[in-house]
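Fold and contact review
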Amino acid sequence: MSINTSELRENIVIKFAGDSGDGMQLTGSQFTETAAKYGNDLATFPDFPAEIRAPQGTLYGVSGFQLHFGSTRVHTPGDEYDVLVAMNAAALKTNIKNLKPGGTLIINIDGFDDKFLRLAKYDKLDNPIEDEKLLSNYTIHKIAITQLTRKALEDSGLGIKEIDRSKNMFALGYVYWLFNRKTDFTENYLEEKFSKKPKIFEANIKVLRTGYNYGITVEAASSTTEVQAAALDKGIYRNIRGNEALAYGIIALAYKTGLDVLYAGYPITPATDILHELAKHKNYITTFQAEDEIAAVTAAIGASFGGGLGVTASSGPGIALKTEAIGLAVALEMPLVIINVQRAGPSTGMPTKTEQSDLLQAYYGRNGETPLPVLACNSPADSFDIIYEAGKIAIEHMTPVMVLSDGYLGNGSSPWSIQDPDLLPEIDIPFANQDHIKDGKFMPYLRDERLSRPWAVPGKKGFEHRIGGLSKENETGDVSYDPENNQLMVELREQKVENIAEFIPEIKIKAGVEKGDILVLGWGSTYGALMSAVTDCHDQGLKIGFAHLRYLRPFPGNLEKVLSQYQNILIPELNNGQLIKIIREKFNVDAIGMNKVQGLPFTKNEIINKIQDILKSE
Amino acid sequence: MKTRPGQSTKGVSSPSKSYASNQEIRWCPGCGDYSILKQVQSVLADENIPKEEIVFISGIGCSSRFPYYLDTFGMHSIHGRAPAIASGLRAIRKDLNIWVVTGDGDGLSIGGNHLIHLLRRNFNMNVLLFNNEIYGLTKGQYSPTSPLGTVNKTAVWGTIDLPFNPLKLALGADATFIARGLDIDPLLLRQVLKRANQHNGTSLVEIYQNCNVFNDGAFSVLTDKATKKDNTIVLEHQKPLFFGVNNDMGIILDGFSPRIVKLSEVSENDLWIHDEEDSLKATILTRFFDNPENDGFPRPLGVLYAVNRPTYEDQLRGQKKMAIEQLGQGNPYELFKGKNYWEVK
């Protein structure tokens, strides 16, 4: 008998958790792609250890993939799970606290033998899957996933290690069944991935279907769950990870401008995926894996000097290495795009965990007075728009631009309304021309109304010139130690960056009221949690508004006015208070900070609690 | 000979002074850099390279002021990074004539990493390494090429850092062209620079340059009339190695060991014949003076090694061409869409 009842749900949060070698990232991303195919809005949060293959069964070796999908707008990966798939004891121990009461717990009971219990630091007399009190809180699906996988593949001719490696497909198949989703997409994916390994392909397909059929056969649940397509705006969509969106934005820049784009990088977590993606697309851009972070940024500067667009990316420690060269680009007034996919610091910190603690570094982290524009993405899909806007500013205003993403955005994914590159805003390239010649001599620092200088590229006869890191005379660019001139150049460069405010959109209230008790002001990857929290609070009748900064330097021209409409300004950040310092200094506003540096994003409830605390204390 | 990037085929001759910029030169009077500048300008003129196609990129140090004094495109960048900047430029601009000017501190100390990676990648450009065995711009500290025991401001008790042998290091990084010249030997320097410019790949030219303020006479034994013939040997491809004030000394290879002989004792046919394409011989040549057993060997000058290997930029272009052929270069909308898209109507 098959189940024919189906429960309709608006949205669901699933967490897949297992060993870092268990293939949980693949399982999660496959379920995500299928959810996307079904038209759900979604947000993902892959969370994995820095070790590639951490010792099996350990607490620190747990790799997780969290997915929130729904028929309504989804802004965050969710605070708590509706479904937890725990492949072993350690996965259960580290995740059970976030499973909603009444939630569904799918347990691989083969991951709970004495060895796994010991590694997860459970007493063997205290096996959680025999703990009736604990289990009574949830709907339990106890399955011998490892044994069933082995049984399914006993005639496959594969070794036990290879067989066990496909047990994630059992879990995936089972969850597909639970949510009434076909296995097609994953089957197609497996066919492509293992096209040269037919045995492995067949094994994976078999286990995937075994998991699916197991659900049907044992009538594991009284009903399956249905999540309908979300009502997104019209358009063509795909699911996209933040780092992928950054790569595509860079390709769009190359396509639209016709400039040779040189992407120079050095491997570092979590920025490297951008280079992985771009290395495939040498038909659009040139990629260069440099010998170190400094070579990566300086090679990019070299390309910009040659009339291309230099782009480089890194994460916190790598950006620190690049800072002297970024200062050179500021002094040269050269287009350059620098991406920082931030991670938890200081120093090496927690490479696979997220944080927003490099804002002040982006703002101030160079010697001398070295202002540059700073932009930040607020979702994986927004990364495409941000990098394109950054490139446009870099070229049109002849300046290096810093783009801040983070591990949460870079690895996470969201639906992207795919844009036709032909319809993206045009970019004016300020190449030098005869107007920049005075008395027969080219003036590399003759400024236009934006205070931006002309771009004269080697090969252009009559425009030979020398530039460098030494202080330069305005207009001629000749080396100058003149005190007044140095002050003038410092002020001009500062003003040039400030003037960009006239070219960027004003900040808008994204949720809640335009005047009231509290404004929640955010930037970067916290967008989803803040949006959800403010929307909930507003629905409860609070006089609250939400604004989110995509442009951090310069700020949108109307920011001061927006701030003045509220009694309180709350600035939640995944750092120890960085935007708040700048806001306080610039607008003399006594904003309230909210800070978290645990390598994890904010949950919606954390924000709501803080908002309630503020209102209570009034 | 192939036409080199940036080399004009039109044969328009430009007098060397037309390559000079209007900037006042600020090196110390008597500095070896003046001569090098003059020889470079002369080679650019002889090679008929249009000014607008030339780019000089430098780092930091006395030598790195070089680009300011040439009326070409130029960048005076940051300490040690000129090879990386030039690599990025070359990656997208095959058409230019690119020169990197660096020194023993800039190129071998703070920028040592970039230099070795440039050499192994073999981007086509000319690297002029001004070696004066001292930090000049910061007023006299020991450099990575200062001989052991050098006493100066930062080595009050004498240096204990074994110096780099730049050309040996370059060969270790699989350089395709290494040569050595002297600031005060204009003829030889011009020959070497010309060869370097004609080489398709990274050409490393070590130029011994006298810092008359902080390290005067560092190379006097190689440059003084009385001693230079006995202490230098000018290499010529396919010519035997002989030297000496009366041209009466030669070098033979005894297995892998070089030995100095009197020409009167051996036939000229037994002498070592210089072969620029022999990497083993080049290795031995670079080691003439860093092995105490080889004391008394003359310092090799001229082109030590020159071989062809595909340049990085040519291989890069090959890959780009292949990618364009296979993937096209039109509107990337289809790429963005991928296979797994859906439509909301």
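Residues numbered from 1 in each chain as written. Chains lettered and ligands numbered in written order. Predicted model: local features only at pLDDT ≥ 70, side-chain atom pairs only at ≥ 80, totals over all residues. Heavy atoms only, no water.

Comments concerning the pattern of salt bridges
All names here are of chain A. Counted under the stated rule, the structure contains 42 salt bridges over all chains. Put simply, K100 and D82 hold a salt bridge, and the shortest N to O gap is 2.8 Å. A residue pair is termed long-range when its members are at least 10 positions apart, and K100 in strand β6 (residues 99-108) and D82 in strand β5 (residues 81-86) qualify at 18 residues. Given the relative accessible area of 28%, K100 is considered partly exposed. Two residues, R493 and E333, come together in a salt bridge whose shortest N-O distance is 4.0 Å. Taken as a pair, R493 in helix α17 (residues 483-499) and E333 in the loop between α13 (316-332) and β13 (336-342) lie far apart in primary sequence, 160 residues in all. In terms of burial, R493 and E333 fall into one category: buried. Each of the salt bridges in this network shares a partner with another, and the network as a whole consists of R238, R241, E244 and D273. (Salt bridge = Lys/Arg side-chain N within 4 Å of Asp/Glu carboxyl O. Helix = DSSP H or I, 4+ residues; strand = E, 2+ residues; numbered from the N terminus. Buried < 20%, exposed > 50% of the residue type's maximum accessible area, 1.4 Å probe, protein only.)

Describing the pairing of strand β24 (residues 566-573) of chain A
For a regular strand, side-chain orientation follows a simple rule: the groups alternate between the two sheet faces. Residues and elements named next belong to chain A. Buried residues dominate β24, accounting for seven of its eight residues. Across four bridges, the pairing between β24 and strand β25 (residues 592-595) is parallel. Of the residues in β25, the one forming a bridge with L570 is I592. Crossover handedness for the path β24 to helix α20 (residues 579-587) to β25: right-handed. (Pairing = 2+ DSSP bridges. Right-handed = clockwise from strand over helix to strand, strands pointing away.)

Comments concerning the interface of chain A and chain B
Counting from both sides, the interface comprises 75 residues of chain A and, opposite them, 58 residues of chain B. Considering only the side of chain A, the residues that lose the most area to chain B are A:N283, A:E291 and A:R466, jointly responsible for 13% of the buried surface there. The interface formed by chain A and chain B holds three salt bridges in total. A salt bridge links B:D71 to A:R466, with the shortest nitrogen-to-oxygen separation between them at 3.2 Å. At the surface where chain A touches chain B, the tally comes to 31 residue pairs in polar contact (both at pLDDT 80 or more). With eight residues, helix α12 (residues 293-305) of chain A is the single largest residue contributor to the side of chain A that touches chain B. Grouping the amino acids of the side of chain A that touches chain B by side-chain chemistry returns 37 nonpolar, 18 polar and 20 charged. Looking at chain direction, strand β9 (residues 235-241) of chain A and strand β12 (residues 341-344) of chain B are connected through four bridges and run antiparallel. Among the inter-strand pairings, A:I236 is bridged to a residue of β12(B), identified as B:E343. (Contact = heavy atoms within 4.5 Å. Buried area = accessible area lost by both parts, 1.4 Å probe. Polar contact = N/O pair within 3.5 Å; in protein donor to acceptor, adjacent residues only side chain to side chain. Nonpolar A, V, L, I, M, F, W, Y, C, P; charged D, E, K, R; others polar.)

Section: the pairing of strand β1 (residues 54-58) of chain B
Residues and elements named next belong to chain B. Of all five residues in β1, five are buried, a share of seventy percent or more. Burial along β1 is two-sided: I54, F56 and S58 and V55 and I57, pointing in opposite directions, are all buried. Relative to strand β3 (residues 97-103), β1 runs parallel, the two sharing five bridges. Bridge pairing links S58 to V101 in β3. As judged from the four bridges shared by β1 and strand β2 (residues 73-76), these two strands associate in the parallel manner. By the bridge assignment for β2, V55 is matched with F73.

Side note on the domain arrangement of chain A
All names here are of chain A. Taken domain by domain, chain A holds domain 1 (5-226), domain 2 (238-423), domain 3 (434-502) and domain 4 (509-617). The C-alpha-based centres of domain 3 and domain 4 are spaced at 39 Å. Every contact between the two is made by five residues of domain 3 and, on the other side, four residues of domain 4. A buried area of about 370 Å², summed over both sides, lies between domain 3 and domain 4, and 55% of it is on carbon and sulfur atoms. Area buried by domain 3 at its contact with domain 4 is led by V497, E498 and A501, which between them contribute 77% of it. Counting across the domain 3 and domain 4 interface gives two salt bridges. The salt bridge involving K586 is made with E498; its shortest N-O contact spans 3.9 Å. Our count for the contact surface shared by domain 3 and domain 4 stands at zero residue pairs in polar contact (both at pLDDT 80 or more). Class assignment for the residues of the side of domain 3 that touches domain 4 results in three nonpolar, no polar and two charged. (Domains from an automatic or database assignment.)

Some details on the sheet that holds strand β3 (residues 41-47) of chain A
All names here are of chain A. Pairing is mixed across the open sheet formed by six strands, whose spatial order is β3-β4-β2-β5-β6-β7. The strands lining the two open edges of the sheet, one partner per strand, are β3 and β7 (139-143). Averaged over all neighbouring strand pairs, the angle between strand axes comes to 15°, with direction disregarded. In the packing of helix α1 (residues 24-37) onto the sheet, the strands contacted are β2 (11-19), β3 and β4 (62-70), and the crossing angle to β4 comes to about 10°. Against the sheet, helix α7 (residues 167-178) engages β2, β5, β6 and β7, with an angle of about 140° to β6. (Axes fitted to C-alpha atoms, helices over the stretch in contact; angles between N-to-C directions.)

Examining a positive patch on the surface
Residue and element names in this part refer to chain A. On the surface, R53, K161, R165, K193 and K197 cluster together into a positively charged patch. Looking at the secondary structure, you find R165 in helix α6 (residues 160-165). Judged by relative accessible area, which is 55%, R165 ranks as exposed. (Patch = residues over 30% accessible without salt bridge, like charges linked within 9 Å, V, L, I, M, F, W, Y side chains within 5 Å. Areas by Shrake-Rupley, 256 points an atom, 1.4 Å probe, with all protein chains shown as cover. Lys, Arg positive; Asp, Glu negative; His and termini not counted. Charge placed at Lys NZ, Arg CZ, Asp CG, Glu CD.)

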